[in-house]
Amino acid sequence: PFPALFVSHGPGPYPICWQRDGNHQDLVQAYSGIMEQLQLDPDELKCVLVISAHWESESEASNLRVTCPPSGKHPHLLYDYNGFPDYTYQLEYDCPSAPEVAARVQLLLEQAGLGCTLDPSRNLDHGVFVPLSMMIPQAHVPVIQLSLPALSEHGSTNAERCLALGRALAPLREEGILIVASGSATHGRFRQPEHAGTFMEELKRVVTEVSPADREVALVDWERMPYAREAHGREEHLLPLHVAAGACAGEEGCVLSHGWWNNLAMTHIAFGLQSVSYTHLRAHETPEHLVCRLLLEKKKKKYTNKKKTQVWQN
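Note that this is a predicted model, so its numbers are computed, not measured.

Colleague: So what's going on with the overall build of the chain? Which residues, and what values?
Modeller: The secondary structure content of the chain amounts to 11 helices and 10 strands. The buried share of the chain, taken over its 314 residues, is 54%. Relative to all contacts within the chain whose residues are 6 or more apart in sequence, the contacts with residues 24 or more apart total 78%. Accessible surface, the chain: about 14400 Å² in total, of which carbon and sulfur atoms supply 51%.

Colleague: Break down helix α8 (residues 212–220) for me, citing the residues and quoting the values.
Modeller: Regarding α8, the residues found buried are Pro212, Arg215, Leu219 and Val220. Around the axis of α8, the buried residues are gathered within 135° of arc, so they sit on the same side. Where α8 is buried, its residues meet α6 (155–169), α7 (193–208), α10 (239–247), β7 (253–257) and β10 (268–271).

Colleague: Give a description of the environment of proline 212 that names residues and reports values.
Modeller: When you line up the elements, proline 212 lands in helix α8. With 36 residues separating them along the chain, proline 212 and cysteine 248 place their C-alpha atoms 8.9 Å apart. Residues contacting proline 212, with those up to four places away along its chain left out, are Gly250, Glu251 and Glu252.

Colleague: So, the nonpolar core: which residues are in play, and what are the values?
Modeller: The biggest cluster of nonpolar side chains holds 56 residues, and the ones touching the most others in it are Leu49, Val105, Leu109, Ile144, Leu146 and Leu169. Within the second largest apolar cluster, 41 residues are counted, among which are Ile34, Val141, Leu178 and Leu264.

Colleague: Help me get a handle on the packing of aromatic side chains, residues and values and all.
Modeller: All chains considered together, the criterion is met by 9 aromatic pairs. Here tyrosine 79 and tyrosine 89 contribute two aromatic rings whose centre-to-centre distance is 6.3 Å and whose plane-to-plane angle is 70°, an arrangement assigned as edge-to-face. With tyrosine 79 in the loop between β3 (64–67) and α4 (99–111) and tyrosine 89 in the loop between β3 and α4, this pair connects stretches of sequence that are 10 residues apart. Of the residues examined, tyrosine 79 reaches a relative accessible area of 26% and is grouped as partly exposed. Here tyrosine 89 falls in the partly exposed class, since its relative accessible area comes to 28%. Directly above the ring of tyrosine 87 sits arginine 20, whose terminal nitrogen or CZ lies 3.7 Å from the centroid.

Calculation rules
Residues numbered from 1 in each chain as written. Predicted model: local features only at pLDDT ≥ 70, side-chain atom pairs only at ≥ 80, totals over all residues. Heavy atoms only, no water. Helix = DSSP H or I, 4+ residues; strand = E, 2+ residues; numbered from the N terminus. Buried < 20%, exposed > 50% of the residue type's maximum accessible area, 1.4 Å probe, protein only. Contact = heavy atoms within 4.5 Å. Areas by Shrake-Rupley, 256 points an atom, 1.4 Å probe, with all protein chains shown as cover. Arc of directions from axis to C-beta. Core = buried A, V, L, I, M, F, W, Y, C linked by side-chain atoms within 4.5 Å. Phe/Tyr/Trp six-rings, centres within 6.5 Å; stacked < 30°, edge-to-face > 60°. Lys NZ or Arg CZ within 6 Å of the ring centre and 35° of its normal.

Structure, rendered in structure tokens:
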């Protein structure tokens, strides 16, 4: 099965601006390297299904919605941001749609007791086209978008609903469909700068160090994480993570990359990778620590091989 991805899509279209202007190259390269880290060739994909923080169902009583343009093409993009350079309102990501996958999503959700309506008019928002423009710039892979459930006043209820949504979508991983949950690891105002790092260390620990069963419990009770409501005053940017985790229930998670732009944690996370590379960051690990660990592991391996050679020669 394919892994499921949580991507921090960044502030509006800025990641595309950074790529164009040569700024924040560490963050740009983190996006462009995601498919290689997932060990996936875009040509292997039947479709990408994106759950973005920027599309919620209208009310708790409303069905979920999935894009299904009648022409099989997305006619426009949704430039759902303000105050950015003029050219960002003319960006293009001319990917096809996948009506048959939209129908499959609708069927799976209905089988799980979750109502779903095909939406012929919704355009792809920046939570979709910004990260995909950098992950799959050729725009040749079909893309559809699914709404989040409408948020209630209860953080744990919202979390449970999104975990359940992910579980319902899990069969798609066996069908050539990459589930991309697009949000932001942090999306709030911190009273103290250090609170952001404290929250992120706990979130990374939950993703990478606890068992999948305990991870689900912790994600339901995410408000108990330190400074959680500072990180997410409203949790629509966190909940896509729950969808990705739910789609890979019982499987390990790993941090693909981690960086910062102001108080936004630009963290990308994968669940369900069949083999986790040593180059993936561990919880509490900085890129500098990663380099040191890899060098030590290489030295240890070289020493071990040398000892084996000496034993064989003796």
